[in-house]
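Listed below, chain by chain, are the residues.
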Amino acid sequence: MEHTAVGEDQAMSDLREKHRMDLERLTLTSQPFKTLALFVLAIGQSIRSTCSCVLNEGARLKLLVLFVATAWVLLLTNDGPHVKHMQELLWYARFGLWWVILGVVSSIGLGSGLHTFVLYLGPHIALFTMKAVQCGRLDLKSAPYDTILLKSRPSWLEKECLDFGPPVYHETIPFSKILHEIHLEAVLWGIGTALGELPPYFIARAASMSGHKVEELAELDASISKEGFLSSALYRAKRWLMSHSQHLNFPTILLLASVPNPLFDLAGILCGQFNIPFWKFFLATLIGKAIIKVYMQTTLVITLCNNQLLELVEKRLVWVFSNVPGVSSIVPYLVTKLKTAKDKFLIASVAASASSAAKGRKWNLSFSLIWNTL
């Protein structure tokens, strides 16, 4: 009997080892079809369990969803003065969802997210600032949601300054006024970036509650090379963060979230691994990313794209660094380069706008469309 029990334990151990090896080999590169099939099955199982849980236990939620769905159908199917307000509400919903999703895809994926600030939010802020300075007005938008949205361009981008009327500001446009016009989409994008940081936290927390360590910690450790200045600095910073994980409190998380930093995914994993309360982690991340970091980035873009502010900054910088050898001659050169880049960007944007207007809304299948969709 004892020999049989030992044999069964050995067989179970061998079976677990084989299962572990099979899981390690189950990747998109080695077994793409099987991996995708299991992924779809897992998603389906999660959706089914969630729906069954809601149907079995969520009586109040079922009544609320039924009430909202019924009211929505009645409002959409019946004509009346409310139709205009419903269309406006749909536009606001699309606007908010668009910028939040852009923020999510920017930060999700352990550093492999899409750089949507550079692709969408940054150019939107830059174009609005330059157009406002050029026209001397801030009432360019027809509505708060008159921004870049999917493939549609904002209406104010293709209009001439005469279409808005005479200039209101003949001198410097106040920075706070420009910020007020574009801060809503910037904050929504920042909220999305905070939401995109939650998956590593939840994965690490679930692993910690089950008594396991997150494999991503070892993978991140192995993926960073110690060769080269940048890799070495990143490796030392990561090791420092892991060795000081006991100091991951609200101020530390807020500081890490408030500055551009490639190690915040690791901070989220460590917060989940060491059971930092969710609201402490999320609130610090939300304040840091959706308020502090976003306003820093927005301020930089507005300053660089505003001729009046840029000239003021140039004069102040030259005055501050006038006593530092070599610096006083470099600052005007850098500002000139930034102005040249800004002028090229504006010319390219106007040309692209004219080209898109000439082509109309014809849909063409192209490699860029396929790539962007992927």
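Reading the values: the criteria
- Residues numbered from 1 in each chain as written.
- Predicted model: local features only at pLDDT ≥ 70, side-chain atom pairs only at ≥ 80, totals over all residues.
- Heavy atoms only, no water.
- Helix = DSSP H or I, 4+ residues; strand = E, 2+ residues; numbered from the N terminus.
- Contact = heavy atoms within 4.5 Å.
- Areas by Shrake-Rupley, 256 points an atom, 1.4 Å probe, with all protein chains shown as cover.
- Disulfide = S-S within 2.5 Å.
- Buried < 20%, exposed > 50% of the residue type's maximum accessible area, 1.4 Å probe, protein only.
- Core = buried A, V, L, I, M, F, W, Y, C linked by side-chain atoms within 4.5 Å.
- Expected span 1.5 Å × (residues − 1).
- Axes fitted to C-alpha atoms, helices over the stretch in contact; angles between N-to-C directions.
- Nonpolar A, V, L, I, M, F, W, Y, C, P; charged D, E, K, R; others polar.

### A closer look at the overall build of the protein chain
Part 1 of the reasoning: A count of helical and extended segments in the protein chain gives 15 helices and zero strands.
Part 2 of the reasoning: Taking the contacts inside the protein chain whose residues are at least 6 apart along the sequence as the reference set, 71% of them involve residues at least 24 apart.
Part 3 of the reasoning: By element, 67% of the accessible surface of the protein chain is carried by carbon and sulfur atoms, the whole surface being about 24600 Å².

### What about the state of the cysteines?
Among covalent bonds in proteins, the disulfide is the one between the sulfur atoms of two cysteines.
Part 1 of the reasoning: Scanning all chains against the criterion turns up one disulfide.
Part 2 of the reasoning: A disulfide bridge connects Cys135 with Cys161, and the sulfur atoms are separated by 2.0 Å. What sets the handedness of the Cys135 and Cys161 disulfide is the S-S torsion sign, and at about -75 degrees it is left-handed. Highlighted residues: Cys135 in helix α5 (residues 116–135) and Cys161 in the loop between α5 and α6 (175–196), separated in sequence by 26 residues. Of the two residues, Cys135 and Cys161, neither departs from the other in class, the shared state being buried.

### Topic: the side chain of Thr298
Part 1 of the reasoning: Note that Thr298 resides in helix α12 (residues 278–305).
Part 2 of the reasoning: Given a relative accessible area of 1%, Thr298 falls into the buried group.
Part 3 of the reasoning: Apart from residues no more than four positions distant in its own chain, Thr298 is found in contact with Ile125, Leu179, Ile182 and Ala186.

### Digging into the nonpolar core
General note: in soluble globular proteins, nonpolar side chains tend to be found buried as a group.
Part 1 of the reasoning: Core analysis: the largest hydrophobic core is formed by 35 residues, its most contacted members being Trp99, Leu121 and Trp156.
Part 2 of the reasoning: The set of elements that each furnish at least two residues to this core consists of α4 (82–107), α5, α6 and α12.
Part 3 of the reasoning: The element best represented in this core is α5, accounting for ten residues.
Part 4 of the reasoning: Ignoring any residue separated from it by four or fewer positions in sequence, one finds Trp156 in contact with His124, Leu127, Phe128, Lys131, Leu140, Lys141, Asp146 and Phe164.
Part 5 of the reasoning: One finds Leu198, Tyr201, Ala267 and Ala284 within the second-largest nonpolar core, a separate group that totals 17 residues.

### Here we look at α4
Owing to its 3.6 residues per turn, the α-helix aligns residues three or four sequence positions apart on the same side.
Part 1 of the reasoning: Relative to the 38 Å expected for 26 residues at 1.5 Å per residue, α4 spans 38 Å between its end C-alpha atoms, a close match to the ideal helical length.
Part 2 of the reasoning: Taken as a whole, α4 has its buried residues at Met86, Phe95, Gly96, Trp98, Trp99, Val100, Leu102, Gly103 and Ser107.

### Let's talk about the packing of α4 against α5
Part 1 of the reasoning: Remark: α4 packs on α5, axes separated minimally by 9 Å, with the N-to-C direction vectors making an angle of 145 degrees. Note on element contacts: α5 touches α4 through Thr116, Tyr120, Leu121 and His124, opposite Trp98, Trp99, Leu102, Gly103, Val105 and Ser106.
Part 2 of the reasoning: Looking at the contact of α4 with α5 residue by residue, the classes come out as six nonpolar, four polar and no charged.

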